[in-house]
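Report on the structure
Spelled out from the first residue to the last, the chains are:
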Amino acid sequence: MDGEALTKGRGGTRTIDVISAIRAKIAGRALSAGDRLPSIRSLAASMSVSPSTVVEAYDRLAAEGLIRARRGAGFYVSPTVMPPLALAEVEPRRDRAVDPFWVSRQSLDADDAVPKPGCGWLPPDWMPEAALRRAVLAHADASLLTDYGSTRGAPALRRLLLARLAEDAIEASIDQLMLTGSGTQATDLVCRFLLRPGDTVLVDDPCYFNFRALLRAHQVKILGVPYTLSGPDVARFEAILASERPRLYITNSALHNPTGATLSLPTAHRLLTAAAAHDLTIIEDDIFGDFEPERSPRLAALDGLARVIRIGSFSKTLSASVRCGYIAARADWIEHLVDLQVATSFGGPSPVATAIIAGVLAGGSYRKHMDELRQRLARARREVARKLQGLGLEPWLMPRGGFFLWCRLPGERDATQVARAALEEDVVLAPGNVFSVSETATSFLRFNVAQSNDPRMWDVMRRALKARAE
């Protein structure tokens, strides 16, 4: 294998250049299973790199199982080397049922170049990358990189969260707060603590589709209460509590997902009165709260964390990669939830993640970031709503904040069929029935306004709507 054959990779480090060249040789069958690789010194000379660079490249390839070292005999292509994955093995399955998992799988597994107006997070360039980088560099303590997280989570971040809860008039002590690996894990831990298979759980209709997916995993009966412009339909809520005796109710108070609606104060009071009368526990997911221009009523504040459990995270506002959630609840419940987290995760969230988030929150840049984000989203909501209306889609309401628009298709068209047609052209949409327990949102789509700026997405939408209309 000569030096000319091993061309350098595109703009990466010297080590990656060597790795890429060897992978290319194996993929092109210039090197086959069992073949000997060049010696470290000869490859270093032919590629004009240092021997240590080749050593590192060989070590990485050996760790992947692509090559193997033979003591005293050099490196060889692994006899069990696998061919590159076919495209069909890499891409998400498109023929699966359109259920609560469908949007998650399509969004999470899609290539970065695929427009994802149906996904539930902001694009990378909307996130505070510089602040996150500063927070990473500020924490060089080796223990952060090697140790388990403490059972309740980092005290520094918990103290910051207590101050933030106080801004919502939620008076909590340090023993009423724990950190988790994510907002989803927070919900899962509460469900593990409170629910048993066969229990009844109430959710909004429509609601965040992963609530449905998670509850399905817990083997419970899921009921939906119709959601209105000011919160759940209170009369139906009270009737369901009286007839079905649900164990738990899960909701978003602020900027409801997917509708963008906001809970009103009168509705909040009636919900809590009914919950107390029927011994109902409530999970209040506040993950979108920081997107509000002014704070709306919180069930946890009105209830004092007696029967309301507050959860949240920073995956929507800071980073979906640096994940950390939290639970605020009764102190005796927190004790049990901590034990559950130890049993299922052996400790609290990653010390690296909690240090980064605490660094951003304490650094003073977070408030500025959110101010700018709210303004940018307000412009995007207006612009995307205008474009959607041009296609005949009407927003159910114009939210006070956040990045979702819940829109009705023209002519009572089937959103699932439109979403499938769009996916054929590599655009991921979120059809209404994945959010609806009763499957009564057939003609709705949820749009993420921050993910709707790709011109190709609008061309695909026009074709998908036209195809379904014919």
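Residues numbered from 1 in each chain as written. Predicted model: local features only at pLDDT ≥ 70, side-chain atom pairs only at ≥ 80, totals over all residues. Heavy atoms only, no water.

1. Section: the pairing of strand 4 (residues 200-205)
- Of all six residues that make up strand 4, six are buried, and the element is covered over most of its length.
- Sheet topology note: the strand 4/strand 5 (residues 221-228) ladder contains six bridges and is parallel. Across the sheet, the residue bridging to valine 201 is isoleucine 222, located in strand 5.
- Remark: the strand 4/helix 10 (residues 209-217)/strand 5 crossover connection has right-handed handedness.
- In the sheet, strand 4 pairs with strand 7 (residues 248-251) via three bridges, with the strands oriented parallel. In the strand pairing of strand 7, valine 203 is matched with isoleucine 250. (Buried < 20%, exposed > 50% of the residue type's maximum accessible area, 1.4 Å probe, protein only. Helix = DSSP H or I, 4+ residues; strand = E, 2+ residues; numbered from the N terminus. Pairing = 2+ DSSP bridges. Right-handed = clockwise from strand over helix to strand, strands pointing away.)

2. Focus: the sheet that holds strand 11 (residues 394-395)
- Overall, antiparallel pairing links the four strands, which are arranged 11-12-14-13 in an open sheet. If you trace the sheet from one side to the other, it starts and ends with strand 11 and strand 13 (430-431), each paired once.
- Summarising the sheet, strand 13 and strand 14 (residues 444-448) pair through two bridges and their orientation is antiparallel. Its bridge partner lying in strand 14, proline 431 is registered against leucine 445.

3. A closer look at the state of the cysteines
- What the rule picks out here adds up to zero disulfides.
- Between cysteine 119, a cysteine without a disulfide, and cysteine 407, which holds the nearest cysteine sulfur, the sulfur-to-sulfur distance is 15 Å.
- With a relative accessible area of 1%, cysteine 119 lands in the buried category.
- Distance from the sulfur of cysteine 324, which forms no disulfide, to the nearest cysteine sulfur (cysteine 191) is 19 Å.
- Its relative accessible area of 4% is what places cysteine 324 among the buried residues. (Disulfide = S-S within 2.5 Å.)

4. What to know about the side chain of serine 443
- Considering the arrangement of structural elements, one finds serine 443 in the loop between strand 13 and strand 14.
- Within the structure, serine 443 has its side chain in polar contact with the side chain of arginine 408 (distance 3.5 Å).
- Dropping the residues within four chain positions of it, serine 443 is found in contact with Cys407, Arg408, Leu409, Glu412, Arg413 and Ala415. (Polar contact = N/O pair within 3.5 Å; in protein donor to acceptor, adjacent residues only side chain to side chain. Contact = heavy atoms within 4.5 Å.)

5. Comments concerning the packing of helix 9 (residues 183-194) against helix 14 (residues 331-345)
- Contact geometry for helix 9 and helix 14: axes closest at 10 Å, N-to-C directions at 110°. By the criterion of interaxial angle, the relationship of helix 9 to helix 14 is roughly perpendicular. Touching Gln185, Leu189, Val190, Arg192 and Phe193 of helix 9 are Trp333, His336, Leu337, Leu340, Gln341, Thr344 and Ser345, all from helix 14. (Axes fitted to C-alpha atoms, helices over the stretch in contact; angles between N-to-C directions. Parallel < 35°, antiparallel > 145°, perpendicular 65-115°, else oblique.)

6. Some details on the confidence of the model for the chain
- Residues with a pLDDT of 70 or more make up 93% of the chain, whose mean pLDDT is 90.
- Contacts from residues 1-12, a stretch scored under 50 in pLDDT, to residues over four places away or in other chains number 18 contacts.
- Ignoring residues within four places in sequence, the model shows residues 85-90, a span with pLDDT below 50, making one contact including any to other chains. (pLDDT = per-residue confidence, 0-100.)

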